[in-house]
Amino acid sequence: MTISSLGYVVVKATDLSAWETFGTEVLGMMPADAPDGKTRWLQMDERPFRIAIEQGDADRYGCAGWEVSDKQAFDALIEKLEAAGTTVERGSKSQADARCVTEIASCADPCGNHMEFYHGRVYDYRQFISPKGVSGFITGDMGLGHTVLPCPDLKAAYDFYVGLMGFGVTDHMHFKFSEDPEDPGQGLHFLHADNPRHHSLALYEAPHPAGCVHIMVETNNIDDIGYCIDRCAEHNVAITSSLGRHTNDKMLSFYMNTPAGFALEFGCDGWQVDWSTYQPTTSRLPSIWGHKWSPPE
Ligand SMILES: [Fe+2]
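Residues numbered from 1 in each chain as written. Predicted model: local features only at pLDDT ≥ 70, side-chain atom pairs only at ≥ 80, totals over all residues. Heavy atoms only, no water.

Draft legend 1. Expanded view of the domain arrangement of the protein chain. Partitioning the protein chain into structural domains gives domain 1 (3-121) and domain 2 (140-290). With 40 residues of domain 1 at the contact, the number on the domain 2 side is 45 residues. Here domain 1 meets domain 2 over a buried area of about 3200 Å², counting both sides, of which 71% is carbon and sulfur. Considering only the side of domain 1, the residues that lose the most area to domain 2 are Ile3, Val26 and Tyr61, jointly responsible for 18% of the buried surface there. The interface formed by domain 1 and domain 2 holds one salt bridge in total. Between Arg121 and Asp141 there is a salt bridge; the shortest N-O distance is 3.8 Å. In this structure, the connection of domain 1 to domain 2 is made through 11 residue pairs in polar contact (both at pLDDT 80 or more). Put simply, the parts of the chain that give the side of domain 1 that touches domain 2 at least two residues each are strand 1 (3-13), helix 1 (16-26), strand 5 (60-68), helix 2 (71-83), strand 7 (101-108) and strand 8 (114-121). Per-element tally for the side of domain 1 that touches domain 2: the top contributor is strand 1, with eight residues. (Domains from an automatic or database assignment. Contact = heavy atoms within 4.5 Å. Buried area = accessible area lost by both parts, 1.4 Å probe. Salt bridge = Lys/Arg side-chain N within 4 Å of Asp/Glu carboxyl O. Polar contact = N/O pair within 3.5 Å; in protein donor to acceptor, adjacent residues only side chain to side chain. Helix = DSSP H or I, 4+ residues; strand = E, 2+ residues; numbered from the N terminus.)

Draft legend 2. Expanded view of the sheet that holds strand 4 (residues 51-55). One open sheet holds the eight strands; their spatial order is 2-3-4-1-5-8-7-6, and the pairing between them is mixed. Strand pairing shows two members of the sheet lacking a second neighbour, strand 2 (30-33) and strand 6 (89-90), which therefore form its edges. Bridging between strand 1 and strand 4 involves five bridges; their strand directions are parallel. Opposite Val11, over in strand 4, you have Ile53 as the bridge partner. Here helix 2 sits on the sheet and contacts strand 1, strand 5, strand 6, strand 7 and strand 8; the angle it forms with strand 8, its principal contact strand, is near 155°. (Pairing = 2+ DSSP bridges. Axes fitted to C-alpha atoms, helices over the stretch in contact; angles between N-to-C directions.)

What follows is the structure in structure tokens.
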């Protein structure tokens, strides 16, 4: 499998400090200044950053940074994408340095979602200490969590990520957010990378103005979630979905609004799958209990 994990996420912000405050005071991640003196980093573990906050004209999602196992897999992926007609831009040494990786490239999926992919990690060995006492984020080889991308042309996106990028299929879902009988609902595909996390990527059959439906980060335990719910109240951060447990990845989580206008799922207890015995499934319901949706006003 080509993609190892979701290595990082880039967000675009009109106000870098608003995102940094959200990341540190609400999420409990550790702040750091990137060497370029402009980008702000949020650290979650031993990596120099897992979320990069860059100045933008609008508050939105920037891109995912997908980790590829090695140079051979990196070059092979570029070759495969280009052979299929995808425009791939090989990044410069300074672009790779800015992301703390050895080599980097970028492209867009058929729905226009921009992405970066890379091989090789560069460490600065700054110790992660949560400023809000989060006991730890579940990351390592499983990556920072997952990202859910808007894919109005769901079939084209599915073919791209599974057929070209080499993601594995975990689960399919179709459900409605409304009670309206005329609502056709939306489909979702849950895809995994080469690690036990149930899904590192999900494709959602609808556009989203912020360029992302949500990202998910996973903590060690339920207390980390409870404290974060308290911090949301303290900082007037809208909780967009109540505490609940998902059907397919078993994640116990709640969702909050981010300064970029997409949601962030804060969870624990996610299922780590043994892919050697797993069979892809179809889920008819997103949650076993909870996850009552209340969009921000
Ligand atoms: Fe999620």
